[in-house]
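Residues per chain, in single letters:
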Amino acid sequence: MLRDHRDRPVDGGDWFLHHGTDVETRWDEDVPHLTPNDRFFVRNHTRPPVVDVETWRLLVTGDGVSGEATYSLAELQAFTSTTVERALECTGNGRKLFADQQGAARPGTQWGLGAIGVARWTGVPLRTGLRHAGLRDDAVQVMPVGLDDPFVEDGVDHGRVRRPLPMAKALDDALIAWEMNGEPLPADHGFPARLIVPGWVGIASIKWLGELRVTTSVVDSPWNTTWYRMHGEGWSGDDAVLDVMPPKSILDVTGRLEAGRMSVLRGRAWSGEATVSVVELSTDGGATWQETTLTGPNEPSSWVEWEHAWTPSQAGPHELVTRATDSRGRRQPVQAPLNDDGYLFWAAIRHPVTVAESSLVSSRAGTPGRPPPVD
Ligand code: MTE
């Protein structure tokens, strides 16, 4: 159930697919370039805490700062703020496709591809907050800690949701955000302040920030050792670490497709810490590819829209496939690498569609009724 910042239930309407306490944005509706706050996917380990912003403080602690600091929301907002358009995507986005496309079902929330959204986030760079607190040169990481209830599973209390962030990323483009698309963060999305870690796995962007633990040595949490890490055959060492998200692409709603009639296909593509260089479309199940036209903004760690005109020559089932290549040269593979928990499904997505008979042919032949709907 979605809740507003006063902990009142919000009607999520039909915008979402529901997965227990989590919700996924539906792709069978027109999704605007910026995902509206009330249509943005939600992934909560427990539930949003009720935070009194008057008494809320962000603590900066640990041996990586010269002294402890606290910030009220007003104090954070007194720093020079910045606004960026960035995607936020769950590490398990697309997990259902391991079963659908690769016959390898993986446990966990069966996300389609809607565990992603793009918003304009306003806040202060994390480096500003850390430096103002007396960041030491030998600090190696910061552990942001959420104020939601400790996560308990099978009787084991894993403590508050937290995940270490290496100092290089913390000092680069991580943001302490308090606004989402020009509004205070909704309760489900981290009110009053959250981290936004552009291009990284969604778990890095800790919500309901309560503490930033800065240390001069590496400290782990179950959110980088047990979960949100690759497990299974072939995964070890640095390869198993999850940080930057790979490129992905999708076909939006197609509308009615008809043999002999031109349709403009549209979709979008995105990638972590990169812009999208090209999106290709195959109308024959991946045998041949055509380059699509990118339209609109193409920010790093956000998404770009693409379009392509297609005149199907034959009615019947077709398989459309999209694949993106990003500015780092990464291209979506045919198969996503298998792993036990179904993270990072980034294979080229196969979209089965049905092309209707030409209405011109049908009306000449005097066929009554409407052609069959498109899948
Ligand atoms: N932060 C806290 N404190 N608690 C959480 O449950 N979920 C994480 C991350 N930050 C989480 C959190 C995960 S797994 C994701 S994908 C994103 O928040 C989801 O952000 P959203 O719910 O605002 O879309």
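Conventions used here
Residues numbered from 1 in each chain as written. Predicted model: local features only at pLDDT ≥ 70, side-chain atom pairs only at ≥ 80, totals over all residues. Heavy atoms only, no water. Pairing = 2+ DSSP bridges. Helix = DSSP H or I, 4+ residues; strand = E, 2+ residues; numbered from the N terminus. Axes fitted to C-alpha atoms, helices over the stretch in contact; angles between N-to-C directions. Phe/Tyr/Trp six-rings, centres within 6.5 Å; stacked < 30°, edge-to-face > 60°. Buried < 20%, exposed > 50% of the residue type's maximum accessible area, 1.4 Å probe, protein only. Lys NZ or Arg CZ within 6 Å of the ring centre and 35° of its normal. Near = heavy atom within 4 Å. Polar contact = N/O pair within 3.5 Å; in protein donor to acceptor, adjacent residues only side chain to side chain. Areas by Shrake-Rupley, 256 points an atom, 1.4 Å probe, with all protein chains shown as cover. Domains from an automatic or database assignment. Contact = heavy atoms within 4.5 Å. Buried area = accessible area lost by both parts, 1.4 Å probe. Salt bridge = Lys/Arg side-chain N within 4 Å of Asp/Glu carboxyl O. Nonpolar A, V, L, I, M, F, W, Y, C, P; charged D, E, K, R; others polar.

**Re the sheet that holds strand β17 (residues 248–251)**
Step number 1: Pairing within the open sheet is antiparallel, and its four strands lie in the order β17-β18-β22-β21. This sheet does not close on itself; its edge strands, each paired only once, are β17 and β21 (293–295). Averaged over all pairs of adjacent strands, the angle between their axes in this sheet comes to 30°, without regard to strand direction.
Step number 2: Judged from the eight bridges that link them, strand β18 (residues 263–270) and strand β22 (residues 303–310) form a sheet pairing that is antiparallel. From the neighbouring strand, Ala269 faces β22, where its bridge partner is Val304.

**Side note on the packing of aromatic side chains**
Step number 1: In the structure shown here, the tally under the stated rule is ten aromatic pairs.
Step number 2: Judged by centre distance (5.7 Å) and plane angle (20°), the ring pair of Phe40 and Phe41 falls under stacked.
Step number 3: Judged by its relative accessible area of 1%, Phe40 is buried.
Step number 4: By the ring-pair criterion, three or more aromatic residues cluster together here, those being Phe40, Phe41, Trp111 and Trp121.
Step number 5: We note Arg323 situated over the ring of Trp289; from NZ or CZ to the ring centre the distance is 3.9 Å.

**Some thoughts on the site of the ligand**
Step number 1: Surveying the vicinity of the ligand reveals 21 residues, the closest of which are Phe41, Asp148, His189, Arg194 and Lys207.
Step number 2: At 2.6 Å from an oxygen atom of the ligand is found a side-chain nitrogen or oxygen belonging to His189.
Step number 3: The backbone of Ser205 places a nitrogen or oxygen atom 3.0 Å from a nitrogen atom of the ligand.
Step number 4: Protein contacts shield 100% of the accessible area of the ligand, which totals 530 Å² for the unbound molecule.

**Considering the domain arrangement of the protein**
Step number 1: Under the domain assignment used here, the protein contains domain 1 (16–228) and domain 2 (248–360).
Step number 2: Here domain 1 and domain 2 have C-alpha centroids that lie 29 Å from each other.
Step number 3: Taken together, the contact pairs 33 residues of domain 1 with 32 residues of domain 2.
Step number 4: Between domain 1 and domain 2, the buried area comes to about 2,800 Å², and carbon and sulfur atoms account for 56% of it.
Step number 5: A per-residue breakdown of the area domain 1 buries against domain 2 is headed by Trp27, Phe98 and Gln101, which together make up 23% of the total.
Step number 6: For the pair domain 1 and domain 2, the number of links is three salt bridges.
Step number 7: Residue Glu299 is joined to Arg86 by a salt bridge in which the shortest nitrogen-to-oxygen separation is 3.3 Å.
Step number 8: Within the residue set of the side of domain 1 that touches domain 2, elements represented by two or more residues are β7 (82–89), α2 (96–102) and β8 (116–125).
Step number 9: For the side of domain 1 that touches domain 2, the residue count by class is 15 nonpolar, ten polar and eight charged.

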